[in-house]
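Below, each chain spelled out in residue letters.
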Amino acid sequence: MCGIVGAVAKRNVVPVMLEGLKRLEYRGYDSCGIALCTEGHLERSRSTSRVAELEKQVNGRHLSGFLGIAHTRWATHGAPTTDNAHPHFSGERIALVHNGIIENHAVLRAELEAKGYVFSSQTDTEVIAHLIDSLYQGDLLKAVQSAVTRLRGAFAIAVICRDEPQRMVGARQGSPLVVGIGENEHFLASDALALAGTTDRIVYLEEGDTVDISLNDCHIYDAQGRPAPREVRVVSVYAGVSELGPYRHFMQKEIFEQPRAISDTLQGLAGISPELFGDGALPILQQTDSILILACGTSYYAGLTAKYWMESIARIPVEVEIASEYRYRDSVPSPNRLVVTISQSGETADTLAALRHARDLGMNRSLTICNVATSAMVRECALSYITRAGVEIGVASTKAFTTQLTALFLLSLVIAKIRGRLTPEQEAAHMKSLRHLPVAVSAVLALEPQIIAWAEDFSRHNDALFLGRGIHYPIALEGALKLKEISYIHAEAYPAGELKHGPLALVTDKMPVVTIAPNDDLLEKLKSNMQEVRARGGQLYVFADSDTRIMSQEGIHVIRMPENYGQLSPILHVIPLQLLAYHTALVRGTDVDKPRNLAKSVTVE
Ligand code: HGA
């Protein structure tokens with residue numbers, strides 16, 4: 001999603017801003033740009049290529065300045081062209097970058113055109129620049145504060161004005177924006193990672209805040225325009241975080257980091273206790289009679305998996321909803337329900353909105369499983385579990401998913417214990433499995449050479465089916481999503497028992513059918529479903545537990561999982577599916593870490 005960097009300093013800010021844009025590249029973008037206030041006028045450079053290309057342009061033109069804003073754009077309104085790339089100007093006076101969507105842009109555009117403003121892009125963003133210009137009377141802060149009252153939708157903006165060359169104003173509503181505090185210099189950015197290596201002193205703006213920064217000052221105001229002191233946090237984002245090391249892609253690196261990520265997520269785990277989710281967890285969880293999980297994409301599949309655990313281990317009813325549907329649905333609230341949100345970034349716009357919608361419906365008990373401790377999601381939920389996956393750069397989520405599953409399994413155990421459904425023997429057995437999990441994951445990663453051999457075959461197909469049953473059905477969904485996201489092969493997942501109700505019509509000898517075959521209660525049923533596929537010539541690619549007695553034969557390719565991992569099996573079975581998607585994409589030559597049309601940290605609706 002769009003990334004913002006802005007700087008006001010006594011030094012040339014171009015290197016800081018280009019470095020910041022590079023650090024934001026992982027979010028996915030289709031164009032980028034930079035604007036500087038230099039010697040009493042605004043200069044701009046924009047590109048529909050990569051940040052490296054923008055850097056060449058900027059260096060070629062010898063652009064420099066002490067005040068600047070920069071942006072990576074993931075287009076929502078208007079094609080990814082140079083004219084639509086940010087920063088947007090209003091005349092020669094105002095320059096602005098924006099992350100979000102302005103829903104009333106058409107009305108505002110008509111109004112501004114009537115006043116004589118001429119638009120040079122199709123974006124919703126450009127209206128903000130002209131609106132601020134139309135309200136400007138020598139004080140940029142006042143113009144921005146008055147402009148944002150007219151905006152509907154979501155925005156984080158950074159604005160500069162030619163007439164105030166040592167000042168930058170920012171505002172946020174629904175999209176993330178942080179302030180970086182330096183020595184006689186200040187910065188704005190979409191996230192702290194953009195400023196790693198520049199400053200580690202970060203202020204997280206709250207909903208409705210505006211901020212006025214200059215060399216020595218940083219003033220923050222709330223939505224009512226009152227001065228709003230906000231905590232300065234020291235954020236240790238490892239500056240070398242975006243280094244690939246021996247890997248070809250971040251996705252590959254992140255797949256192989258999973259043993260470490262899971263181990264870190266479980267760090268310090270001494271037993272199953274409510275405090276794992278926060279100090280006030282016990283009374284909240286004691287009063288909980290049901291659970292509503294809200295999430296999007298891969299996190300939604302983590303939620304679907306957790307439903308199986310929670311209902312069987314803790315015997316508590318669970319509903320899982322896609323956040324973007326829930327927020328607009330006329331649902332029936334239940335006061336004793338715990339709302340659980342799952343989000344890697346903690347800034348996912350749809351999930352945040354769904355959480356707030358649930359709160360508006362009177363459901364105030366909330367818990368989040370999140371990878372970013374400083375995110376809006378963590379700030380807004382009463383309880384939290386911070387996964388320690390580390391920064392995830394690849395757009396296709398891998399280590400975030402398995403660490404979310406790890407945290408959700410812990411939550412199932414905690415609720416089971418509170419409800420008297422976890423004996424000390426069971427607790428000890430689960431603790432043993434959890435402690436061994438990183439080793440078990442490493443053993444699955446060792447299957448990579450066998451999976452590479454399959455990827456050649458896969459890369460020649462345009463469609464694939466994924467089958468799973470029970471708790472492995474959400475894993476089949478996640479496997480199909482991974483393949484779609486990065487190889488662009490059309491893939492669908494079904495609970496294997498559903499095949500005969502429709503999708504079997506798709507099966508021919510051209511159709512690869514990936515089957516997740518753990519040795520569980522449904523294995524014999526699954527074997528029958530596999531026969532249904534073979535009878536129609538379908539090619540089965542089976543990830544089977546070692547004790548399933550499924551043998552490789554004509555039309556049935558089998559990779560054996562190192563060990564049957566019982567209730568935690570979904571965490572192991574998703575790993576070969578990640579590797580299959582990765583290696584298939586490699587053969588097809590796609591841009592694995594930045595798949596077309598997709599973005600990381602989905603901060604727009
Ligand atoms: N709506 C703006 C910004 C898009 C955005 O925030 N994407 O993440 C545009 O289309 O330029």
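This structure is a prediction, so every number in the text was calculated from the model and none was measured.

### Concerning the site of the ligand
Okay, step 1: Surveying the vicinity of the ligand reveals 15 residues, the closest of which are Cys2, Arg73, Thr76, Gly100 and Asp124.
Okay, step 2: Within the backbone of Trp74, one N or O atom sits 2.9 Å away from a nitrogen atom of the ligand.
Okay, step 3: His86 places a polar side-chain atom, nitrogen or oxygen, 2.8 Å from an oxygen atom of the ligand.
Okay, step 4: When the ligand sits alone it has 320 Å² of accessible area, and the protein chains cover 100% of it.
Okay, step 5: In terms of residue class, the shell around the ligand is built from five nonpolar, eight polar and two charged.

### Quick word on the pattern of salt bridges
Okay, step 1: Evaluation of the coordinates by the stated rule reveals 37 salt bridges.
Okay, step 2: Residue Arg172 pairs with Glu207 through a salt bridge whose shortest N-O separation is 2.3 Å. Taken together, the residues Arg172 in strand 8 (residues 168-173) and Glu207 in the loop between strand 11 (201-204) and strand 12 (210-213) connect sequence positions 35 residues apart.
Okay, step 3: Relative accessible area serves as the criterion here: at 3%, Arg172 is assigned to the buried category.
Okay, step 4: For Glu257, the salt bridge is made with Lys253, and the minimal N-O distance between the two is 3.7 Å. Like Lys253, Glu257 is buried.

### With respect to unusual backbone geometry
Okay, step 1: A cis amide bond links His86 with the next residue in sequence, Pro87, at an omega value of -5 degrees.
Okay, step 2: Its place among the elements puts Pro87 in the loop between strand 4 (67-73) and strand 5 (88-90).
Okay, step 3: In this structure, His62 takes a positive phi of about 50 degrees despite not being glycine.
Okay, step 4: Here Tyr488, not a glycine, exhibits a phi torsion of approximately 65 degrees, which is positive.
Okay, step 5: Examined against the element boundaries, Tyr488 turns out to sit in the loop between helix 16 (473-487) and strand 21 (490-495).
Okay, step 6: For Tyr488, a relative accessible area of 25% translates into the label partly exposed.

### As for the environment of Gly479
Okay, step 1: Of note, Gly479 is situated in helix 16.
Okay, step 2: Expressed as a C-alpha distance, the spacing of Gly479 and Glu321, which sit 158 residues apart in the sequence, is 19 Å.

### A closer look at the pairing of strand 15 (residues 290-295)
Side chains on a regular strand alternate between the two faces of the sheet.
Okay, step 1: Counting buried positions along strand 15 yields six of six residues, so the element is predominantly enclosed.
Okay, step 2: In this structure, strand 15 lies alongside strand 17 (residues 337-343), joined through five bridges in parallel fashion. Paired with Leu292 across the bridge in strand 17 is Val339.
Okay, step 3: Sheet topology places strand 15 next to strand 16 (residues 318-322); five bridges connect them, and they run parallel. Bridge pairing links Ile291 to Val318 in strand 16.
Okay, step 4: The parallel pair strand 15 and strand 16, bridged by helix 9 (residues 297-314), forms a crossover whose chirality is right-handed.

### Thoughts on the sheet that holds strand 7 (residues 153-161)
Backbone hydrogen bonds hold the strands of a sheet together, and the pairing may be parallel or antiparallel.
Okay, step 1: If you walk across this open sheet you meet the six strands as 5-6-7-8-12-13, and the pairing is antiparallel. Each edge of the open sheet carries a strand with a single partner, namely strand 5 and strand 13 (218-221). The average angle at which neighbouring strand axes cross in this sheet is 20 degrees, direction not considered.
Okay, step 2: Pairing of strand 7 with strand 8, which is carried by five bridges, proceeds in the antiparallel orientation. Residue Ile157 lies in a different strand from strand 8, and its bridge partner there is Ala171.
Okay, step 3: Where helix 4 (residues 126-135) meets the sheet, it contacts strand 5, strand 6 (94-102) and strand 7, and its direction lies at approximately 130 degrees from that of strand 6.

### Looking at the environment of Glu532
Okay, step 1: In this fold, Glu532 is placed in helix 17 (residues 523-535).
Okay, step 2: Once residues lying within four places of it in the same chain are set aside, the contact partners of Glu532 are Leu499, Lys500 and Leu504.

### As for helix 5 (residues 140-148)
Okay, step 1: All of the buried residues along helix 5 are Leu140, Leu141, Ala143, Val144, Ala147 and Val148. The buried residues of helix 5 occupy an angular sector of 165 degrees when the element is viewed end-on, so they sit on one face.
Okay, step 2: Where helix 5 is buried, its residues touch strand 6, helix 4, strand 7, strand 8, strand 12 and strand 13.
Okay, step 3: At the N-terminal boundary of helix 5, the capping side chain belongs to Asp139, with an oxygen 3.1 Å from the backbone nitrogen of Leu141.

### Things to note about helix 18 (residues 569-588)
Okay, step 1: Given a rise of 1.5 Å per residue, 20 residues ought to cover 28 Å, and the 30 Å separating the end C-alpha atoms of helix 18 matches this to within 8%.
Okay, step 2: The buried fraction of helix 18 is high, at 17 of 20 residues.
Okay, step 3: Directly after helix 18, the chain includes Gly589, whose backbone phi takes a positive value near 75 degrees.

What counts and how
Residues numbered from 1 in each chain as written. Predicted model: local features only at pLDDT ≥ 70, side-chain atom pairs only at ≥ 80, totals over all residues. Heavy atoms only, no water. Near = heavy atom within 4 Å. Polar contact = N/O pair within 3.5 Å; in protein donor to acceptor, adjacent residues only side chain to side chain. Areas by Shrake-Rupley, 256 points an atom, 1.4 Å probe, with all protein chains shown as cover. Nonpolar A, V, L, I, M, F, W, Y, C, P; charged D, E, K, R; others polar. Salt bridge = Lys/Arg side-chain N within 4 Å of Asp/Glu carboxyl O. Helix = DSSP H or I, 4+ residues; strand = E, 2+ residues; numbered from the N terminus. Buried < 20%, exposed > 50% of the residue type's maximum accessible area, 1.4 Å probe, protein only. Pairing = 2+ DSSP bridges. Right-handed = clockwise from strand over helix to strand, strands pointing away. Axes fitted to C-alpha atoms, helices over the stretch in contact; angles between N-to-C directions. Contact = heavy atoms within 4.5 Å. Arc of directions from axis to C-beta. Expected span 1.5 Å × (residues − 1).

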